[in-house]
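Each chain, letter by letter, is given below.
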Amino acid sequence: VQLQASGGGLVQAGGSLRLSCAASGRTFSGYAMGWFRQAPGKEREFVAAISWSGGSTYYADSVKGRFTISRDNAKNTVYLQMNSLKPEDTAVYYCAAPRSQSTVVPGPHDYWGQGTLVTVSS
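Read on for a plain summary of the structure. (Residues numbered from 1 in each chain as written. Predicted model: local features only at pLDDT ≥ 70, side-chain atom pairs only at ≥ 80, totals over all residues. Heavy atoms only, no water.)

1. Some details on the pairing of strand β4 (residues 33–38)
- Here β4 lies mainly inside the structure; five of its six residues are buried.
- Relative to strand β5 (residues 45–50), β4 runs antiparallel, the two sharing five bridges. Looking at the pairing, Trp35 lines up with Ala48 of β5.
- In this antiparallel pair of consecutive strands, β4 and β5, the connection spans six residues, and Gly41 shows a positive phi of 80 degrees. (Buried < 20%, exposed > 50% of the residue type's maximum accessible area, 1.4 Å probe, protein only. Helix = DSSP H or I, 4+ residues; strand = E, 2+ residues; numbered from the N terminus. Pairing = 2+ DSSP bridges.)

Now the structure itself:
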């Protein structure tokens, strides 16, 4: 499974970005997908996850109400719309996919993309 994240960049506080993650190598629609982030000097943390159908979504408290995860199974792509960005959202953002169809939030031993850097200036 290959995951290619894109869409990162530099944005001012209060601005918006949309990240994309294109998946290949297996049937995309059968699996949940997730976004994580790692800020400088900090551990990687969960951001959001979405079920295989898109019918269920999950968010970290820190991004709830500001970020929206979605997916287009026809395009094998998952998105993360980030609004009202804050300097503390600055991090490398990773998309991830579980190995098992029964897993909703990917873990360390699942499939990970290479990451895309988001920098929010104050």
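Continuing now.
2. Concerning the sheet that holds strand β3 (residues 17–24)
- Across the sheet, four strands lie side by side as β1-β3-β8-β7; this open sheet has antiparallel pairing. The two strands at the open ends of the sheet, each matched to only one other strand, are β1 (2–6) and β7 (67–72). Averaged over all neighbouring strand pairs, the angle between strand axes comes to 15 degrees, with direction disregarded. (Axes fitted to C-alpha atoms, helices over the stretch in contact; angles between N-to-C directions.)

3. Thoughts on the packing of aromatic side chains
- The full count for this structure, using the stated rule, is two aromatic pairs.
- The interplanar angle of 75 degrees and the centroid separation of 5.7 Å between the aromatic rings of Phe36 and Phe46 together place this pair among those described as edge-to-face. In this pair, Phe36 is assigned in strand β4 and Phe46 in strand β5, connecting sequence segments ten residues apart.
- Residue Phe36 is classed as buried on the basis of its relative accessible area, which comes to 8%. (Phe/Tyr/Trp six-rings, centres within 6.5 Å; stacked < 30°, edge-to-face > 60°.)

4. Concerning the pattern of salt bridges
- Evaluated as defined, the whole model comprises four salt bridges.
- Of the charged contacts in the structure, one is a salt bridge between Asp89 and Arg37, with a shortest N-O distance of 2.9 Å. Of this pair, Asp89 sits in the loop between β8 (77–82) and β9 (91–97) while Arg37 sits in strand β4, placing them 52 residues apart in sequence. Here the two residues Asp89 and Arg37 agree in accessibility, since each one is buried.
- As a salt-bridge pair, Asp61 and Lys64 come within 3.2 Å of each other at their nearest N and O atoms. (Salt bridge = Lys/Arg side-chain N within 4 Å of Asp/Glu carboxyl O.)

5. As for the nonpolar core
- Counting residues in hydrophobic clusters, the biggest one holds 28 residues, and the most contacted among them are Trp35, Leu80, Met82 and Tyr93.
- Elements supplying a minimum of two residues to this core: β1, β3, β4, β5, β7, β8, β9 and β11 (116–121).
- Every residue in contact with Tyr93, bar those within four places of it in the chain, is listed here: Leu19, Trp35, Phe36, Arg37, Val47, Phe67, Leu80, Met82, Gly115, Thr116 and Val118. (Core = buried A, V, L, I, M, F, W, Y, C linked by side-chain atoms within 4.5 Å. Contact = heavy atoms within 4.5 Å.)

6. Focus: the environment of Thr116
- By the secondary structure assignment, Thr116 is in strand β11.
- On the basis of relative accessibility, which here comes to 11%, the residue Thr116 falls in the buried class.
- With residues near it in sequence (within four places) discarded, Thr116 still touches Ala5, Ser6, Gly7, Gly8, Leu19, Ala91, Val92 and Tyr93.
- At 3.0 Å, the side chain of Thr116 forms a polar contact with the backbone nitrogen of Gly8. (Polar contact = N/O pair within 3.5 Å; in protein donor to acceptor, adjacent residues only side chain to side chain.)

7. A short note on the side chain of Arg71
- Tracing the chain through its elements places Arg71 in strand β7.
- Asp72 provides the closest opposite charge to the buried, unpaired Arg71, separated from it by 8.3 Å.
- At 2.9 Å, the side chain of Arg71 forms a polar contact with the backbone oxygen of Ser51.
- Only 3.4 Å separates the side chain of Arg71 from the backbone oxygen of Trp52, close enough to count as a polar contact. (Lys, Arg positive; Asp, Glu negative; His and termini not counted.)

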